[in-house]
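Residue-level listing of the chains:
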Amino acid sequence: MRELHTARLEQKLLLSAAAQCYHFEFTATTGLPLAYEPGQFLSFVADDPQGKSYTRAYSLASAPRGPRFEVCANRVPGGFLSNLLCDLAPGDTLHWHGPHGLFTLRQPLPGPAAASLMIAAGTGIAPLRSFLQSLFPALERPHPIHLIYESPSPEELFYDSDFRHLSATQPLFHYHPVPGSDQDRAQTLATLTSLASAPAPDQQATPQAAGQAAPSRNEAPSAAPAPTQFSRYAYICGLSQLVKDARAHLLDLGWHRRQILSERYD
Ligand SMILES: Cc1cc2nc3c(=O)[nH]c(=O)nc-3n(C[C@H](O)[C@H](O)[C@H](O)COP(=O)(O)OP(=O)(O)OC[C@H]3O[C@@H](n4cnc5c(N)ncnc54)[C@H](O)[C@@H]3O)c2cc1C
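Predicted, not measured: the structure shown is a model, and the values here were computed from it.

### Concerning the environment of L166
- Inspection of the secondary structure assignment puts L166 in helix α3 (residues 160-169).
- Leaving out residues up to four positions away in the same chain, L166 has contacts with L132, F136 and F173.

Below, the structure written as structure tokens:
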């Protein structure tokens, strides 16, 4: 049985009425700092009126900051925990265990010649927001960071003004919002092509860089041992279809599967 902790909701903000998505600021009631790596999640635990227990994962949307932490969540029609969360009021408490998860920034961060790519849809933005808060303003290894964020409409780009502000004040951060793309992923993938096609230092000797066709993702992997470390990584978070599409696209562009980190919400 995992040890359960308690958090108190301090503040709740509606991020989008259309998406029924909220931003939550909690404090761990122990008052002790919550130690986690950006990109990890907590498991919230609650019982329904019949006593059935539910456990659901929610990515931490903020960088570590003492006992306070932030998450964002949307209502899922018919879902128990997302609606319980979205119905909470400041002062209410919730049980959790964690942190959990391996969707974290790969170290060392890229050098100036290679970019980090982050791709999200909907509340999949949460762990990437945590990454960005931990990376800026004092970017330890300066390199370009691109965030591709797709949503059904401009109103459903959560934290849009924060990312616009970051891109206006941090020359190495590039924000690529793609509203209106949930039904047709073409624009997201075209943006990904434009950012991911340039060879990175560790890929310049690959057959693709030498002008040969990239192996199809259905072909057997090359017999050559994979490097244990790459000069750049892509981080994808959202529902399964986005993760599947973006991953397949990067593989087609010649990326190695170990360069692609992902978190699926469903
Ligand atoms: C590692 C991880 C991190 C997660 N982080 C977040 C987060 O930061 N914010 C967040 O809102 N959700 C997040 N989720 C999803 C969350 O755990 C729940 O699955 C979701 O809130 C639905 O729970 P529920 O009890 O209301 O409904 P359930 O009855 O559990 O779910 C109903 C169905 O909704 C699907 N579903 C799950 N998430 C969504 C979604 N966002 N939109 C539409 N359908 C969905 C599931 O496939 C499921 O079949 C995360 C999931 C994982 C695995």
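### Let's talk about helix α4 (residues 186-196)
- When we look at burial in α4, the residues that qualify are T188, L189, T191, L192, L195 and A196. Down the axis of α4, the sector holding all buried residues measures 155 degrees, keeping them to one side.
- In this structure, the buried residues of α4 make contact with β7 (116-121), β8 (145-151), β9 (173-179) and α5 (240-252).

### Some thoughts on the packing of aromatic side chains
- Overall, the coordinates contain 14 aromatic pairs when judged by the stated rule.
- Residues Y54 and F80 carry aromatic rings whose centres are separated by 4.5 Å and whose planes lie at 35 degrees to one another, so their mutual orientation is tilted. With a gap of 26 residues between them, Y54 in strand β4 (residues 53-59) and F80 in the loop between β5 (68-74) and α1 (81-86) connect regions that are remote in the sequence.
- With a centroid separation of 5.5 Å and an interplanar angle of 50 degrees, the aromatic rings of F163 and Y175 are classed as tilted. Here the residue F163 occupies a position in helix α3, and Y175 occupies one in strand β9, the gap between them amounting to twelve residues. For the residue pair F163 and Y175, the accessibility class agrees, reading buried in each case.

### Section: the environment of F41
- Mapped onto the elements of the fold, F41 is located in strand β3 (residues 41-47).
- You can call F41 buried: its relative accessible area is 17%.
- As a C-alpha pair, F41 and H100 span 59 residues in sequence and 5.4 Å in three-dimensional space.
- Excluding residues that lie within four positions of it along the chain, F41 makes contacts with A57, Y58, S59, L60, P99, H100, G101 and E263.

### Looking at the site of the ligand
- Every one of the 20 residues lining the ligand counts as a neighbour, but R56, A57, Y58, C72 and S82 are closest to it.
- At a separation of 3.1 Å, a nitrogen atom of the ligand approaches a polar side-chain atom of N74.
- Separating an oxygen atom of the ligand from a backbone N or O atom of F80 is a distance of 3.3 Å.
- About the coverage of the ligand: the protein hides 74% of its 890 Å² of free accessible area.

Thresholds applied
- Residues numbered from 1 in each chain as written.
- Predicted model: local features only at pLDDT ≥ 70, side-chain atom pairs only at ≥ 80, totals over all residues.
- Heavy atoms only, no water.
- Helix = DSSP H or I, 4+ residues; strand = E, 2+ residues; numbered from the N terminus.
- Contact = heavy atoms within 4.5 Å.
- Buried < 20%, exposed > 50% of the residue type's maximum accessible area, 1.4 Å probe, protein only.
- Arc of directions from axis to C-beta.
- Phe/Tyr/Trp six-rings, centres within 6.5 Å; stacked < 30°, edge-to-face > 60°.
- Near = heavy atom within 4 Å.
- Polar contact = N/O pair within 3.5 Å; in protein donor to acceptor, adjacent residues only side chain to side chain.
- Areas by Shrake-Rupley, 256 points an atom, 1.4 Å probe, with all protein chains shown as cover.

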